[in-house]
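# Architecture and fold: a report
For reference, the chains in residue letters:
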Amino acid sequence: MFLIAGILLLSIIYLLAAEAMNVGSDLPFKITDGHVTSSVCDLPQQAPPSEFNEAMNACVNEQRQHALDSLLSRSLLALLGLAVIAFAFGYAMAGRVLSPLGRITRTARAVAGSDLSRRIELDGPDDELKELADTFDDMLERLQRAFTAQQRFVGNASHELRTPLAINRTLLEVHLSDPNAPVELQQLGKTLLATNERSEQLVEGLLLLARSDNQIVERKPVDLAEVATQAIDQAHAEAEAKGVTIRGERKPAVVQGNGVLLERIALNLVQNAVRYNVPEDGWVEVTTEVQHGQAVLVVANTGPVVPAYEIDNLFEPFRRLRTERTGSDKGVGLGLSIARSVARAHGGHIYAQPREGGGLVMRVTLPI
């Protein structure tokens with residue numbers, strides 16, 4: 001491209017210079033009857049030789065200046081025309097060269113939406129871009145096999161883990177329904193039933209956490225206000241038992257996502273806010289609204305003072321404030337981990353901030 005542009009520029013300058021110098025035309029001076037005459041300059045006929053030479057020099061210099069001015073103006077016009085042609089040609093060539101990169105980018109963006117079946121399949125010469133596209137296709141093939149195996153494993157584990165727990169729960173409920181069973185046996189059955197229920201919650205939480213780490217492919221309109229209201233209804237009885245008041249204004253905030261998983265976010269946050277609260281006069285505030293083009297769910301509550309350095313640990317599986325493993329009756333330690341995974345799967349984020357005086361402010365932002 002530089003060589004072609006240089007050849008064109010030199011050719012144009014040469015032609016303009018030849019035209020400006022009037023190459024091939026007659027001289028501007030003629031000798032007639034022993035006198036020198038000119039058609040472009042006024043030369044004195046009866047003058048001393050020195051004055052006549054000065055007039056001829058002035059005439060030649062004027063012609064040179066006129067040729068230079070003409071060459072400059074026409075060269076600038078030619079440069080402007082070449083600039084327009086070079087921009088158009090460069091734009092077309094750049095688009096042709098960068099089109100494979102655009103194709104790779106679009107495929108990568110589609111894969112980011114969990115469409116692992118997409119491939120680049122770039123045609124053309126075996127250059128660096130084709131090698132990059134083929135390598136990317138191979139990586140997508142391996143990722144698709146890995147995710148397919150993971151989904152198959154989650155499905156099999158779901159069946160294999162739920163079935164024995166459901167059988168144990170049924171057997172325990174049958175034994176507990178016997179009125180003639182000894183008191184010690186009934187107490188043991190209740191303890192085992194509570195342990196079995198805890199195991200079921202743990203299995204459901206782990207399976208939901210594994211599924212929610214992926215992006216949501218099938219999305220439907222979901223109103224966060226309705227999701228939050230359903231979560232409050234489910235936690236209302238527990239809140240009344242603990243003397244916790246649930247309040248807050250819930251404005252419509254429609255997002256595209258999975259309603260069941262979004263309800264799990266709201267339910268986990270509300271249940272945590274109710275369970276980790278003050279013994280008396282506690283409250284939980286649940287609000288939904290649209291801010292800056294995003295749907296926002298905020299769950300704030302009274303409760304114990306939470307140090308700022310402990311916030312990140314709350315989102316880790318099986319982690320609680322100042323405890324490492326699940327060791328209480330408040331849950332299985334997966335609530336906030338599931339909430340964060342589901343929020344990420346919907347392209348959103350979840351943040352936690354300590355309240356002044358105790359408690360937390362949980363803020364979930366989701367794209368509309």
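Keep in mind that this is a model prediction, so the values were computed, not measured. (Residues numbered from 1 in each chain as written. Predicted model: local features only at pLDDT ≥ 70, side-chain atom pairs only at ≥ 80, totals over all residues. Heavy atoms only, no water.)

### Some remarks on helix H5 (residues 224-242)
Condition: Here a helix means four or more residues in a row that DSSP labels H or I, a strand means two or more in a row labelled E, and each is numbered from the N terminus. Take the number of residues in a helix, subtract one, and multiply by 1.5 Å to get its expected span. Here the bend at a residue means the angle between the axes of two seven-residue stretches, the one that ends at it and the one that starts at it. Relative accessibility thresholds used throughout: buried, under 20% of the residue-type maximum; exposed, over 50%; partly exposed, between the two (1.4 Å probe, protein chains only). Any two residues whose heavy atoms approach within 4.5 Å at even a single point are treated as in contact. Residues adjacent in sequence count toward polar contacts only when both atoms are side-chain atoms; beyond that, a polar contact is any pair of N or O atoms within 3.5 Å, and within protein one must be able to donate a hydrogen and the other to accept it.
Over its 19 residues, H5 runs 26 Å from end to end, which matches the ideal 27 Å to within 8%, given 1.5 Å per residue. Approximately 50° is the largest bend angle found in H5, and it occurs at Ala 235. Looking at H5, one finds that the buried residues are Leu 224, Ala 225, Val 227, Ala 228, Ala 231, Ile 232, Ala 235 and Ala 239. Each element contacted by the buried residues of H5 is listed here: strand E3 (220-223), strand E4 (244-247), helix H6 (259-275), strand E6 (282-291), strand E7 (294-301) and strand E9 (360-367). N-cap assignment for H5: the residue whose side-chain oxygen lies 3.1 Å from the backbone N of Ala 225 is Asp 223. At the exit of H5 stands Gly 243, carrying a positive phi of roughly 70°.

### Here's the deal with the sheet that holds E6
Rule in force here: Any two strands are treated as partners once DSSP identifies two or more bridges connecting them. The axes used here are C-alpha line fits, helices contributing only the stretch in contact, and every angle between their N-to-C directions lies in the interval 0 to 180 degrees.
Spatial ordering of the open sheet is given by E4-E6-E7-E9-E8, a layout of five strands whose pairing is mixed. Two strands in the sheet have a free side with no partner beyond their single neighbour: E4 and strand E8 (349-354). Strand-to-strand twist in this sheet, taken as the mean axis angle between neighbours without regard to direction, amounts to 15°. Pairing of E6 with E7, which is carried by eight bridges, proceeds in the antiparallel orientation. Counted as the bridge partner of Val 284 is Asn 301 from E7. Along the sheet face, H6 touches E4, E6, E7, E8 and E9 and points at about 20° away from the line of E7.

### Remarks on the pairing of E8
Residues in a regular strand project their side chains so that they alternate between the two faces of the sheet. Direction of pairing for E8 relative to E9: antiparallel, over a ladder of six bridges. Bridge pairing links His 349 to Thr 365 in E9. Linking two consecutive strands that pair antiparallel, namely E8 and E9, is a turn of five residues; a positive phi of about 95° is found at Gly 357 within it.

### Regarding the packing of H6 against helix H8 (residues 335-345)
As a reminder, the rule being used: Crossing chirality is assigned from the near helix's rotation relative to the far helix, an anticlockwise turn below a right angle marking it left-handed and a clockwise turn marking it right-handed. The nonpolar class holds Ala, Val, Leu, Ile, Met, Phe, Trp, Tyr, Cys and Pro. Asp, Glu, Lys and Arg form the charged class, and all remaining residues, Gly among them, are polar.
In the contact formed by H6 and H8, the axes pass within 9 Å of each other and the chain directions differ by 145°. Considering only the axes of H6 and H8, their crossing is left-handed. For the pair H6 and H8, contact is made by Leu 261, Leu 262, Arg 264, Ile 265, Asn 268, Leu 269 and Asn 272 and by Gly 335, Leu 336, Ile 338, Ala 339, Val 342 and Ala 343, respectively. Its residues assigned to classes, the contact of H6 with H8 shows nine nonpolar, three polar and one charged.

### A look at the packing of aromatic side chains
Which entries qualify depends on this criterion: Only Phe, Tyr and Trp rings are paired, with Trp represented by its six-membered ring, and only when their centres lie within 6.5 Å; those with planes under 30 degrees apart are stacked, over 60 edge-to-face, the remainder tilted. The criterion is that NZ of a Lys, or CZ of an Arg, lies within 6 Å of the ring centre and within 35 degrees of the ring normal, and then a charge sits over that ring.
Tallied over the full model, the rule gives one aromatic pair. Above the plane of the ring of Trp 283 lies Arg 247, whose end atom (NZ or CZ) is 4.1 Å from the centre.

### Observations concerning unusual backbone geometry
Despite not being glycine, Glu 121 shows a phi value in the positive range, around 50°. Here Glu 121 lies in the loop between helix H2 (49-112) and helix H3 (128-176). Phi is positive for Asp 281, close to 55°, though the residue is something other than glycine. For Asp 281, the position within the fold is in the loop between H6 and E6. Residue classification places Asp 281 among the exposed positions, given a relative accessible area of 69%.

### Some thoughts on the nonpolar core
Note on soluble globular proteins: their nonpolar side chains tend to be buried together. Spelled out, the test is: Note on terminology: a nonpolar core comprises buried Ala, Val, Leu, Ile, Met, Phe, Trp, Tyr and Cys residues joined through side-chain atoms within 4.5 Å.
Ile 265, Leu 269, Val 286, Leu 297 and Met 362 are the most contacted members of the largest nonpolar core, which totals 41 residues. Broken down by secondary-structure element, the contributors of at least two residues to this core are H5, H6, E6, E7, helix H7 (311-314), H8, E8 and E9. If we skip the residues at most four places from it in the chain, Met 362 touches Leu 269, Leu 297, Val 298, Val 299, Phe 315, Leu 336, Ile 350, Tyr 351 and Ala 352. Of all hydrophobic cores here, the second largest spans eight residues; its members include Leu 116, Leu 122, Phe 136 and Leu 140.

### What to know about the packing of H5 against H6
Put simply, the test is: Each angle receives one of four descriptions, namely roughly parallel if under 35 degrees, roughly antiparallel if over 145, roughly perpendicular if within 65 to 115, and oblique otherwise.
Two numbers describe how H5 lies on H6: the axes approach to 8 Å, and their chain directions differ by 25°. In terms of orientation, H5 and H6 fall into the roughly parallel class. Considering only the axes of H5 and H6, their crossing is right-handed. Here Val 227, Ala 228, Gln 230, Ala 231, Gln 234, Ala 235, Glu 238, Ala 239 and Lys 242 of H5 come into contact with H6, specifically with Leu 262, Glu 263, Ala 266, Leu 267, Val 270, Gln 271, Val 274 and Arg 275.

### Some words on the pattern of salt bridges
Put simply, the rule is: By definition here, a salt bridge exists when the distance from a side-chain nitrogen of Lys or Arg to a carboxyl oxygen of Asp or Glu is within 4 Å.
Following the criterion strictly, the structure yields six salt bridges and no others. With a closest N to O distance of 3.7 Å, Glu 141 and Arg 145 form a salt bridge. Residue Glu 141 and its partner Arg 145 are located together in helix H3, separated by four residues, close to a single helical turn. Here Arg 169 ties to Glu 173 by a salt bridge, and the two come within 4.0 Å at their closest N and O atoms. Of this pair, Arg 169 and Glu 173 both sit in helix H3, separated by four residues, roughly a single helical turn. Take Arg 169: its relative accessible area is 29%, and that puts it in the partly exposed class. Through salt bridges with shared partners, one network takes in Arg 119, Glu 141 and Arg 145.

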